[in-house]
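Observations on chain architecture
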Amino acid sequence: MANIADSYNGTPTPPQYYRSAQKIQADIPPDPVRIAVIGGTGLQSLADFTHVATLKPSTPWGTPSSPISILHHPSPQTGKPIPIAFLSRHGLHHELAPHEVPSRANIAALRSLGVRTIIAFSAVGSLQEDIKPRDFVVPDQIIDRTKGIRPFTFFEGGMVGHVGFADPFEPALATIVQKCGHSLAGEGVVLHDKGTVVCMEGPQFSTRAESRMYRSWGGSVINMSALPEAKLAKEAEIAYQMICMSTDYDCWHESGDVTVEMVMGNMKANAENARRFVGAVLDELSKEEHGDLVLAKHLEGSMKFAGGITAAPGRSKEAKEKLGWLFPGYFD
Ligand SMILES: CSC[C@H]1O[C@H](OP(=O)(O)O)[C@H](O)[C@@H]1O
Ligand SMILES: Nc1ncnc2[nH]cnc12
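Given the structure is predicted, the values throughout are model-derived calculations rather than measurements.

1. Observations concerning the site of ligand 2
Near ligand 2 lie 13 residues; those nearest to it are Ala-123, Gly-125, Thr-247, Asp-248 and Asp-250. Here Ala-123 contributes a backbone N or O atom positioned 3.0 Å from a nitrogen atom of ligand 2. Calculation on ligand 2 without its partners gives an accessible area of 260 Å², and the protein chains cover 95% of this total. According to the grid-proximity analysis, the pocket containing ligand 2 is the largest pocket. Breaking the shell around ligand 2 down by element, the ones donating at least two residues are β5 (117-126), β10 (221-223) and β11 (239-248). Sort the elements by how many residues they give to the shell around ligand 2 and β5 lands first, with 3 residues. By residue class, the composition of the shell around ligand 2 is 8 nonpolar, 3 polar and 2 charged.

2. Let's talk about the site of ligand 1
Around ligand 1, the surrounding shell consists of Gly-40, Thr-41, Arg-89, His-90, Pro-98, Ser-122, Ala-123, Phe-205, Asn-223, Met-224, Ser-225 and Val-263. At 2.6 Å from an oxygen atom of ligand 1 is found a side-chain nitrogen or oxygen belonging to Ser-122. For ligand 1, whose unbound accessible area comes to 390 Å², protein coverage reaches 92%. Of all the cavities here, the one that holds ligand 1 is the largest pocket.

3. Notes on the packing of aromatic side chains
Within this structure, the stated rule accounts for 12 aromatic pairs. For the ring pair Tyr-249 and Trp-252, a centre distance of 5.8 Å and an interplane angle of 80 degrees mean the geometry is edge-to-face. In terms of burial, Tyr-249 and Trp-252 fall into one category: buried. On the basis of an interplanar angle of 10 degrees and a centroid distance of 4.9 Å, the ring pair of Phe-327 and Tyr-330 is categorised as stacked. Three or more aromatic residues link up through ring pairs in this structure, and these residues are Phe-155, Phe-327, Tyr-330 and Phe-331.

4. Overview of the confidence of the model for the protein chain
Note: predicted coordinates in regions of low pLDDT should not be interpreted at a detailed level. The predicted model of the protein chain averages 90 in pLDDT, with 91% of residues at 70 or higher. Below pLDDT 50 for its whole length, residues 1-29 participates in 64 contacts with residues either more than four positions away or in separate chains. Reported confidence for the predicted complex is 0.99 by ipTM and 0.92 by pTM.

Calculation notes
- Residues numbered from 1 in each chain as written.
- Chains lettered and ligands numbered in written order.
- Predicted model: local features only at pLDDT ≥ 70, side-chain atom pairs only at ≥ 80, totals over all residues.
- Heavy atoms only, no water.
- Near = heavy atom within 4 Å.
- Polar contact = N/O pair within 3.5 Å; in protein donor to acceptor, adjacent residues only side chain to side chain.
- Areas by Shrake-Rupley, 256 points an atom, 1.4 Å probe, with all protein chains shown as cover.
- 1 Å grid on protein atoms, 1.4 Å probe; cavity = no way out; pocket = protein on both sides within 12 Å on 5 of 7 lines; lining within 4 Å.
- Sits in = over half its atoms within 2 Å of the grid points.
- Helix = DSSP H or I, 4+ residues; strand = E, 2+ residues; numbered from the N terminus.
- Nonpolar A, V, L, I, M, F, W, Y, C, P; charged D, E, K, R; others polar.
- Phe/Tyr/Trp six-rings, centres within 6.5 Å; stacked < 30°, edge-to-face > 60°.
- Buried < 20%, exposed > 50% of the residue type's maximum accessible area, 1.4 Å probe, protein only.
- pLDDT = per-residue confidence, 0-100.
- Contact = heavy atoms within 4.5 Å.

What follows is the structure in structure tokens.
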């Protein structure tokens, strides 16, 4: 049996060992974890939930951005605790720049725990007058303006995979998120049901010419985090939806250029609404009627075919081992 040291020595830990190898503070809840929240800028923890364990998993793609907290969320129907995984995208202290976020390790680690649904939070700049600072947006599309310097696929080095990415977010999850957001209108949550998120490389903010160009392209909001996270979630057969909170008008707007103080100030001022929003979404996802969606049944097995294009003689041993870790039994 693997021991706790395996979490630290860089050895990829097979998913089946996580219960024994990666417990740090307490026993892992007996149920597999199906739902994860990835917190972004200004949302580095979910304080209102009961913390039951902290995991430090290792994967063939390295270690995640932060320890993974396992939280208990009481089911609104049965009161039974539902385990939720929480990961802080930029680390516990925001020490990782957008291009340094180990997205493959994050997504692989979450999948290995059993996660099949991710709600990802992001602080964004607004590219549209009607999306005001502190408004929320449920994006349905992405424009990729990253520069190819972030590892963006699990399928490489001897195993090729091509997955559909026409809808980068999960429409059924978006519907739930929209309903929950609107239910909080009385608490001051303003929600835009759709939007295109431009994902830029950063870490510098855009030039004014770029910001104006993104507006002319139909961009609604801009961040530095939607990719490769959304692509990797898709490859990992995980239903993924981002919730964006506008923190500024980017630099196209006459009100002034974006600064970190502005982003953090608006994020902090609206943190309570962000937490309420996430809580409402978790309440809804915990309902039995969403069981199949939360398990992403509709995505299950899709990579067996999308990732099986490389004929057996062309598959490298290393790629097979890594992908076998992520998808046990798919490519044997
Ligand atoms: C601190 S402003 C730029 C930073 O904020 C957003 O982070 P996240 O998406 O993780 O909330 C944006 O993507 C940039 O990484
Ligand atoms: N204006 C902006 N550009 C890119 N990412 C952001 N995150 C928050 N505001 C942003």
